[in-house]
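# A look at the structure
One-letter residues, chain by chain:
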Amino acid sequence: MSGAAGVEGGPRTRTGRRFAGVPYLLLLPGLLWLGVFFVVPMVFLLSQSLQTGTLETGYRLTFHVATYSDALSQFARQFLRSFVYAFLATVLALLIGYPLAYAIALKAGRWKSVLLVMVVAPFFTSFLLRTLAWQTILNSDGLVMRFFRGTHLISLTSALGWTNGNQLLSSPLAVVTGLTYNFLPFMTLPLFASLDRLDPRLLEAAGDLYASPLTAFRRVTLPMSMPGVVGGTLLTFIPAAGDFINSQLLGNPKTAMIGQVIEGYFLRINDYPTAAALSFALMVTILVLVSVYVRRSGTEELV
Amino acid sequence: MAEPVRPRQGQRPAGSGVASASGDLVLSSLTKRFGPFTAVDSLDLTIPQGSFFALLGPSGCGKTTTLRMIAGLEQPTVGEIRIGEHDITYDKPYRRPVNTVFQSYALFPHLSVWENVAFGLKRRRSESVETQVAEVLELTELQALAGRKPAQLSGGQQQRVALARAIVNKPAVLLLDEPLGALDLKLRRQMQVELKRIQTEVGLTFVHVTHDQEEAMTMADTIAVMNAGRIEQLGAPAELYEHPATTFAANFLGQSNLIRATVAHRQADSATVALPGGVSVSVPAARLPGGIDEVWVGVRPEKISVHEAGAADPVAGRNRIPAAVVTDASFMGVSTQYLVRTPWQQELMVFEQNRGGTTLYRPGDQVSLSFATEHTFALDASQDAGAGIELDEALG
């Protein structure tokens, strides 16, 4: 509808003053979307977190702030664990995704698009199915497990507390592996986008100015790909911190993440205020962490 | 593609001898082939230390490939590159005492002007980075812009940063790859003077690659005219212009009128050459290739004078073409450009200086042409008379 206004004006748009409102009209669908699906639920969630009552008797807004402190003290462990797992998964995804994106952007030549499709290909099947597949990959008869047993790596990971007993599944290691795997494309694509824009002539110039290939990477490639690093880590860290599938399918009760707790409180225990309070607290925490991170990485002007 | 055994590669630590490795830049039988295509064909060249040297030629003539081999960005197929006593043929780019001003400037967009200029010094862990950068920024008049990012600079300013970033390292050889190509005409003229001043001040060897003959002639002490991977002619700008050795050089540097002719008889200091239509002219013996009778007689357009038909014979010692007709006249202020048809139906280009008192001729006017014997040259007629013309025009 907003587009129609622009099309109608056709050849006169450059001169016509009456089209000064076009940018705002074009913003309208997006703003409506944000209003209906973000602001309204957000207000609703906030109000719910401050209500008291039960599903049977109904809820009333009583500004019961204690729900927050109760929920947070009860689930501090899961809360902290979520951020630790998300952080580990983000670091791992960065370590795997950076060389991958670098190779695709700068070394793949005509295979570039094929490789990019392969990065995105997992999205063609559902998130849930792919995570279930990891159960098969990591189970006791699988190749991975046999390798871990054969090399006695399993004793090491168990000693470190990454796995329990003689199995890989139902362990912190499995959960972090699942998170890393599931969010790797979100890390790789922004990294690819910024590395692909890198002018190879800048690396020639760095070499000409006495920078060895390693120094050229540290002084030119890495700083210039910082927008991709920041974008990729945000896109990985934020959803990973709120994830409730990986820990449920690949972990055990001792690996429970905050997303799982929220899901349980909403859908099984039906304690809406506690679930809403946890959701809100999670969101605010992520927001604070992200703003500190973006400010400290100093990439605002590069993005 | 046989590659010689790599001698002495990587023996010196990075940057060592950068300040001391002085001497001439010597290219010996330098050749680069890309598959079946020979980009640079057995080039032998000595560029004296401290000179401003231009490699001039159309695009695809191999000049940029030569530059990239000196910089270490391409590996020669055959041949050797030396600076003074040091063989640098197989040294990594970051180990050569050579810096480049890139055509695209290739400034680091995430670094300020100051950091861009300091980049090379810091990599070499040079002492007194602050003072050296400050000196070069002053030399290139960039002090006020030290804190800016490249994106905040104009084209001319970016060009100066690219230059500052290279000369601050005081390389044994500074390479300039079409450094002024992206600037508009006025700025380019200004930068030509500027570059020449800076080169004189710092005294480094400048190797300048360009397709712009005016740029090469304005700045360089010595020009090598390159064509198809080879050097056609080498010399000082005035020498190349006045004494072109090939039709390519005659056409690529400025313009030339080339007339097909046969040598009639040779004397001690000059030869009489028969043009078509029964006209004959004299060519100084020194400017006539020996042992060849079929030649192109050449004369630059600004060396020709136009006279009214039937006017008295010009002064002795001048060659004369009678019974010509003006076909086109463009008045351009400082000069008038004529196209004049000769009796044998060839159109010659004439530039006549507007010194006042000269007649302006119109198309259709009957005229005669004259030019001094010493401005007449002759070239081997086996060459293509059109070599170097289209290329120059296409590149503007």
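Cut-offs and rules
Residues numbered from 1 in each chain as written. Chains lettered and ligands numbered in written order. Predicted model: local features only at pLDDT ≥ 70, side-chain atom pairs only at ≥ 80, totals over all residues. Pairing = 2+ DSSP bridges. Helix = DSSP H or I, 4+ residues; strand = E, 2+ residues; numbered from the N terminus. Axes fitted to C-alpha atoms, helices over the stretch in contact; angles between N-to-C directions. Contact = placed C-beta atoms within 7 Å. Nonpolar A, V, L, I, M, F, W, Y, C, P; charged D, E, K, R; others polar. Buried ≥ 20, exposed ≤ 12 C-beta atoms within 10 Å, placed from the backbone. Parallel < 35°, antiparallel > 145°, perpendicular 65-115°, else oblique. Left-handed = near helix turned anticlockwise from the far one by under 90°. Domains from an automatic or database assignment. Core = buried A, V, L, I, M, F, W, Y, C linked by C-beta atoms within 7 Å. pLDDT = per-residue confidence, 0-100.

### Re the sheet that holds strand E12 (residues 270-274) of chain B
Neighbouring strands of a sheet are bound in pairs by backbone hydrogen bonds; such pairs are parallel or else antiparallel. Residues and elements named next belong to chain B. Spatially, the 5 strands line up as an open sheet ordered E13-E12-E11-E14-E20, and their pairing is antiparallel. Bordering the open sheet on either side are strand E13 (280-284) and strand E20 (377-380), each of which pairs with just one other strand. Averaged over all pairs of adjacent strands, the angle between their axes in this sheet comes to 45°, without regard to strand direction. Summarising the sheet, strand E11 (residues 257-266) and strand E14 (residues 294-299) pair through 6 bridges and their orientation is antiparallel. When the sheet's bridge partners are listed, Ala-261 is paired in E14 with Val-295.

### Side note on the interface of chain A and chain B
The interface of chain A with chain B comprises 15 residues on the first partner and 18 residues on the second. Going through the elements one at a time, helix H10 (200-208) and helix H11 (213-224) of chain A are the ones with two or more residues in the side of chain A that touches chain B. With 6 residues, H10(A) is the largest single contributor of residues to the side of chain A that touches chain B. Residue composition of the side of chain A that touches chain B, grouped by class: 9 nonpolar, 3 polar and 3 charged.

### Considering the pairing of strand E7 (residues 173-177) of chain B
All names here are of chain B. Counting buried residues in E7 gives 5 out of 5 residues, a clear majority hidden from the surface. Residue alternation in E7 divides its side chains into two sets, Val-173, Leu-175 and Asp-177 and Leu-174 and Leu-176, and both sets are buried. As defined by bridge partners, E7 adjoins strand E8 (residues 205-210) across 5 bridges and the pair is classed as parallel. When the sheet's bridge partners are listed, Leu-175 is paired in E8 with Val-207.

### Some remarks on the packing of helix H2 (residues 22-49) of chain A against helix H15 (residues 272-297) of chain A
Residues and elements named next belong to chain A. One can describe the packing of H2 onto H15 by two numbers: an axis separation of 7 Å at closest approach and a directional angle of 120°. Classified by the interaxial angle, the pair formed by H2 and H15 is oblique. By crossing handedness, the relation of H2 to H15 is classed as left-handed. Residues Leu-45, Leu-46, Gln-48 and Ser-49 of H2 lie in contact with H15, whose contacting residues are Tyr-272, Pro-273, Ala-276, Ala-277, Ser-279 and Phe-280. For the contact of H2 with H15, a count of residues per class yields 7 nonpolar, 3 polar and no charged.

### So, the sheet that holds E8(B)
Residues and elements named next belong to chain B. Pairing in this open sheet of 6 strands is mixed, and the strands run E6-E7-E8-E3-E9-E10 from one edge to the other. Edge positions in the sheet fall to strand E6 (98-101) and strand E10 (230-235), since each of these pairs with one other strand and no more. The sheet shows a mean angle of 20° between the axes of neighbouring strands, taken without regard to direction. Its contacts with the sheet put helix H4 (residues 155-167) on E6 and E7, and the angle it makes with E6 is roughly 180°.

### Overview of the environment of Val350(B)
Take Val350(B): it is sitting in strand E18 (residues 347-353). Note: C-alpha distance between Val350(B) and Thr247(B) (103 residues apart in sequence) is 18 Å.

### Remarks on the environment of Ala193(A)
Residue and element names in this part refer to chain A. Here Ala-193 shows up in helix H9 (residues 172-196). The partly exposed category is assigned to Ala-193, around which 16 C-beta atoms lie within 10 Å. Once the C-alpha coordinates of Ala-193 and Thr-157 are considered, the two residues, 36 residues apart in sequence, prove to be 36 Å apart.

### Some points on the domain arrangement of chain B
In terms of domain boundaries, chain B breaks down into domain 1 (25-242) and domain 2 (257-395). The gap between the C-alpha centroids of domain 1 of chain B and domain 2 of chain B is 38 Å.

### Examining the domain arrangement of chain A
Residue and element names in this part refer to chain A. In terms of domain boundaries, chain A breaks down into domain 1 (2-49) and domain 2 (75-297). Across the boundary between the two partners, domain 1 contributes 4 residues, which contact 6 residues of domain 2. Class assignment of the residues belonging to the side of domain 1 that touches domain 2 gives a composition of 2 nonpolar, 2 polar and no charged.

### Some remarks on the nonpolar core
Among the nonpolar cores identified, the biggest contains 96 residues, and Val117(B), Val207(B) and Val225(B) are the most heavily contacted of them. Among all residues touching Val117(B), those that are not within four sequence positions of it are Val133(B), Val136(B), Leu137(B), Val161(B), Ala164(B), Arg165(B) and Val168(B). Counting 47 residues, the second-largest nonpolar core is a separate cluster that includes Leu100(A), Leu169(A), Ala256(A) and Ile258(A).

### Describing unusual backbone geometry
Residues and elements named next belong to chain B. At Arg-125, a position not held by glycine, the phi torsion is positive, near 50°. Turning to its location among the elements, Arg-125 is positioned in the loop between helix H2 (113-123) and helix H3 (129-139). The backbone of Lys-170 sits at a positive phi, close to 45°, despite the residue not being glycine. Checked against the element boundaries, Lys-170 lands in the loop between H4 and E7. Exposure remark for Lys-170: the 19 C-beta atoms within 10 Å place this residue in the partly exposed category.

### Quick word on the confidence of the model for chain B
All names here are of chain B. Across chain B, pLDDT averages 87, with 91% of residues at or above 70. Confidence scores differ between elements of chain B, with helix H9 (residues 389-395) showing the lowest mean pLDDT of 52 and H2 the highest of 96. Low pLDDT (under 50) marks residues 1-21, which in the prediction has 27 contacts with non-local residues, meaning those over four places away or in another chain. On the interface metric, ipTM, the complex scores 0.79, and its pTM is 0.79.

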